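Structural description and commentary
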Amino acid sequence: MKKKSLALLAVAMTVLSAPAVHADEVSGDQLVDGLNDIFGKYPKTRGSHAKGLCVMGTFTPSPDAAKLSKVPFLASAVPVLGRFSFGGGDPKASDLKRSPRGLAVRFDPDGKAPTDFVMLSAPIFFAKTPEEALAFFQALKPGPDKKPDPAKLKAHAEAYPWAFDQKKWVDSRPIPASYATLPYFSIHAFKATAADGAATAVKFKLVPEAGELGLTDEEAAAKGEGFFTADIDARMAKGPVAFDLVAIVGTDADPTDNPTAEWPEADRTKMQLGKLAITGRTDEAACDATTFDPNNLASGLEGFEGDKILPVRATAYAVSLSRRSE
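Cut-off values and rules
Residues numbered from 1 in each chain as written. Predicted model: local features only at pLDDT ≥ 70, side-chain atom pairs only at ≥ 80, totals over all residues. Heavy atoms only, no water. Helix = DSSP H or I, 4+ residues; strand = E, 2+ residues; numbered from the N terminus. Rg over C-alpha atoms; globule rule 2.2 N^0.38 Å. Buried < 20%, exposed > 50% of the residue type's maximum accessible area, 1.4 Å probe, protein only. Contact = heavy atoms within 4.5 Å. Areas by Shrake-Rupley, 256 points an atom, 1.4 Å probe, with all protein chains shown as cover. Lys, Arg positive; Asp, Glu negative; His and termini not counted. Charge placed at Lys NZ, Arg CZ, Asp CG, Glu CD. Salt bridge = Lys/Arg side-chain N within 4 Å of Asp/Glu carboxyl O. Axes fitted to C-alpha atoms, helices over the stretch in contact; angles between N-to-C directions. Parallel < 35°, antiparallel > 145°, perpendicular 65-115°, else oblique. Left-handed = near helix turned anticlockwise from the far one by under 90°. Nonpolar A, V, L, I, M, F, W, Y, C, P; charged D, E, K, R; others polar. Expected span 1.5 Å × (residues − 1). Pairing = 2+ DSSP bridges.

**Quick notes on the overall build of the protein chain**
- Across its full length, the protein chain holds eight helices and twelve strands.
- In summary, the protein chain has a C-alpha radius of gyration of 19 Å against a globular reference of 20 Å for 326 residues, a match within 12%.
- Projected onto the principal axes, the alpha-carbon positions of the protein chain cover approximately 55 × 50 × 45 Å.
- Taken over 326 residues, the protein chain has a buried fraction of 50%.
- Considering only contacts in the protein chain between residues 6 or more positions apart, those separated by 24 or more positions represent 75%.
- With the model as given, the accessible surface of the protein chain reaches about 15,000 Å², and the carbon-plus-sulfur share is 56%.
- Distance from the positive charge centre (39 side chains) to the negative charge centre (42 side chains) of the protein chain: 4 Å.

Spelled out as structure tokens, the structure:
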């Protein structure tokens, strides 16, 4: 059995009063426990994005991609390991639900310089810091009636007004029609460094080649449960499911330390970096035996120091991997 190295640390807070808690007081164990309190515990299952499927493919960079960053996957074509997923910790989440979908990608998984992108079908996160994320989970924890306490939700929204912006963003859009017809966003900002030392603040986006498509409630209900997996399998049987990787270049007005803040794309420079082609499924064990960690970055990319959510994702994912491997 793999021994966990992260200690469980106490957090002296209640959601109603929402007192300040230092980020270094929040452990990966606490965050995974918070997710389990909401969705339940499932053996051999991720604490978050529990429902998903493991895929493989290739990434081919555009001719000018290396001008942005010296990261190896922008210099030459590489294989990729990926995972499509549903947000949340329920491995049987409904296909009909308006929830974020995810696409995690490891560029060059067998090479010497792998890089992970962990992307979401919404451009913003629900917390600026680990303590906010933990407070959010505590507010969502169901009571005896299997529903969150409305008073706790209200108190959390008052303490952290941006906490439900992601939900509002998702709810304002149709039910997703397919993994293949969603955009996926990096949420975090990264510093891209070119071979000549030039540094650029960017966020990444995967744009679906098939276009962005959604379903009405009636259309989704007619398809029934399981249509997401059936759809992506049918598409991959006909050929690669493709996405364009785009870098959105930040301005001086764009925060690099706040994943709850969206960078407006309309007036931002965008760079076409290449094409991701998902060619088929691969053994689920290949994804279950690892973590896709947005801190896993080869030379040429790095997170920004002020971003408090990015590093704690590594610790939470490590805890989740340890638990499902036991």
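Now, onward.
**Quick look at the pattern of salt bridges**
- If you walk through the whole model with that rule in mind, you get 17 salt bridges.
- In this structure, the salt-bridge partner of Asp217 is Arg98, at a minimum N-O distance of 3.1 Å. With Asp217 in helix α5 (residues 217–223) and Arg98 in the loop between β2 (78–86) and β3 (101–107), this pair connects stretches of sequence that are 119 residues apart.
- With relative accessibility at 41%, the residue Asp217 sits in the partly exposed group.
- Where Asp231 meets Arg235, a salt bridge forms, and the shortest distance between an N and an O atom there is 2.9 Å. Of the two residues, Asp231 and Arg235 both sit in helix α6 (residues 227–238), four residues apart, roughly one turn of that helix.

**Re the packing of helix α1 (residues 28–39) against helix α8 (residues 309–325)**
- Relative to each other, α1 and α8 sit at 65°, their axes nearing to 8 Å. On the basis of their axis angle, the class for α1 and α8 is roughly perpendicular. The chirality of how α1 crosses α8 is right-handed. Facing Gly28, Asp29, Leu31, Val32, Asp33 and Asn36 of α1, the residues of α8 in contact are Val312, Thr315, Ala316, Val319, Ser320 and Arg323.
- In terms of residue class, the contact of α1 with α8 is built from five nonpolar, four polar and three charged.

**Things to note about helix α2 (residues 130–140)**
- With nine of eleven residues buried, α2 is to be regarded as a mostly interior element.
- Contact partners of the buried residues in α2: α1, α3 (150–159) and α8.

**Considering α8**
- For α8, with 17 residues, the first-to-last C-alpha span of 24 Å sits near the 24 Å given by 1.5 Å per residue.
- Those residues of α8 that sit buried are Ile309, Leu310, Val312, Arg313, Ala316, Val319, Ser320, Leu321, Ser322 and Arg324.
- Check the buried side of α8 and you find it contacts α1, β4 (115–120), α2, β7 (190–193), α7 (284–288) and β12 (301–303).

**What to know about the pairing of β2**
- Judged by how many residues are buried, β2 sits mostly within the fold: eight of nine residues are covered.
- By the bridge criterion, eight bridges tie strand β1 (residues 52–61) to β2 in an arrangement that is antiparallel. Opposite Leu53, over in β2, you have Phe84 as the bridge partner.
- Where β2 and β3 come together, seven bridges link them in antiparallel fashion. Among the inter-strand pairings, Val80 is bridged to a residue of β3, identified as Phe107.

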